[in-house]
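Secondary and tertiary structure notes
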Amino acid sequence: AAAAAAVAAVAAASVDSGAAPWSLPWEHLLAATAGGAPAWGVPAAVAYTGLVSTSLTIWLTAKVFAKLPSTDASVILASEPLWATGVAVALLGAPVGPSDAVGGALILGGLACNQGLLDRLVPGLA
């Protein structure tokens, strides 16, 4: 998904500028910043993001979820947007709008259904 987004962004930049992707001005990504940061800072940050934040996390997730029952893994994965929102609110002070609240309620409702907590509300299931 991330690779598709990156390809779409490069394609949009190419179409917008009327140039081929290899003709776009990429040198600003490798140049030292005004603060005097080293020129290798951006490539190192991209490598760290790719290797640690993405690859290592996916590998660890696969290792842990291999030991869990599938229902527990699905509950954990389905609740990920709730955890991300909670961390964004707590650490960044991000606002939670009405659509966020409705989405969170739908996720919680789905999780409750998955666990059988709403079975007695539907006649014939309890």
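Residues numbered from 1 in each chain as written. Predicted model: local features only at pLDDT ≥ 70, side-chain atom pairs only at ≥ 80, totals over all residues. Heavy atoms only, no water.

Comments concerning the overall build of the chain
Put simply, the rule is: Under the scheme used here, helices are H or I runs from DSSP no shorter than 4 residues and strands are E runs no shorter than 2 residues, and both carry numbers assigned from the N terminus. The rule is simple: take the accessible area with a 1.4 Å probe, protein chains only, and divide by the maximum for that residue type; under 20% is buried, over 50% is exposed, in between is partly exposed. Any two residues whose heavy atoms approach within 4.5 Å are treated as being in contact.
Scanning the chain from terminus to terminus reveals five helices and zero strands. Starting at the N terminus and walking to the C terminus, you meet the elements of the chain as α-α-α-α-α. Each of the 126 residues in the chain was classed as buried or not, and the buried ones make up 6%. Put simply, of all contacts in the chain between residues at least 6 apart along the chain, 31% involve residues at least 24 apart.

Topic: the environment of Ala88
Counting through the fold element by element, Ala88 comes out in helix α4 (residues 80-92). Setting aside residues up to four positions removed in sequence, Ala88 forms contacts with Gly93 and Ala94.

A closer look at the packing of helix α3 (residues 70-78) against helix α5 (residues 98-114)
Operational definition: Between the N-to-C directions of two axes lies an angle of 0 to 180 degrees, each axis being a line fitted to C-alpha atoms and, for a helix, fitted only over the stretch in contact. We call two directions roughly parallel when the angle between them is under 35 degrees, roughly antiparallel when it is over 145, roughly perpendicular when it lies between 65 and 115, and oblique otherwise. Throughout this entry, Asp, Glu, Lys and Arg are counted as charged residues, while Ala, Val, Leu, Ile, Met, Phe, Trp, Tyr, Cys and Pro are counted as nonpolar. The remaining residues, Gly among them, count as polar.
In the contact formed by α3 and α5, the axes pass within 10 Å of each other and the chain directions differ by 170°. In terms of their interaxial angle, α3 and α5 are classed as roughly antiparallel. Packed against α3, whose contacting residues are Thr71, Ser74, Val75 and Ala78, the element α5 presents Ile107, Leu111 and Asn114 at the interface. Of the residues belonging to the contact of α3 with α5, the class tally is four nonpolar, three polar and no charged.

Topic: the confidence of the model for the chain
Condition: The pLDDT score gives, residue by residue, the confidence of the prediction method on a 0 to 100 scale.
With 71% of its residues at a pLDDT of 70 or more, the chain shows a mean pLDDT of 80. Least confident of the elements in the chain is helix α1 (residues 2-17), whose mean pLDDT is 67; most confident is α4, at 92.

So, a nonpolar patch on the surface
Stated formally: The patch calculation keeps residues exceeding 30% relative accessible area without a salt bridge and links them within 9 Å when they carry like charges or within 5 Å when they are nonpolar (Val, Leu, Ile, Met, Phe, Trp, Tyr). Note on areas: these come from Shrake-Rupley sampling with a 1.4 Å probe, and a residue is covered only by the protein chains present in the view. Salt bridge, as applied in this entry: a Lys or Arg side-chain nitrogen positioned within 4 Å of an Asp or Glu carboxyl oxygen.
Among the surface-exposed residues, Tyr48, Leu51, Val52, Leu56, Trp59 and Leu60 lie close enough to one another that they form a single nonpolar patch of about 610 Å² accessible area. Along the chain, Leu51 falls in helix α2 (residues 41-65).

A closer look at the side chain of Ser79
In this fold, Ser79 is placed in the loop between α3 and α4. Those residues in contact with Ser79 that lie beyond four places of it in its chain are Ile107 and Leu111.

Section: the environment of Leu111
Checked against the element boundaries, Leu111 lands in helix α5. Leu111 sits in the buried class, given a relative accessible area of 12%. Along the chain, Leu111 and Ala78 lie 33 residues apart, while their C-alpha atoms are 7.6 Å from each other. Setting aside its immediate chain neighbours within four residues, Leu111 contacts Val75, Ala78 and Ser79.

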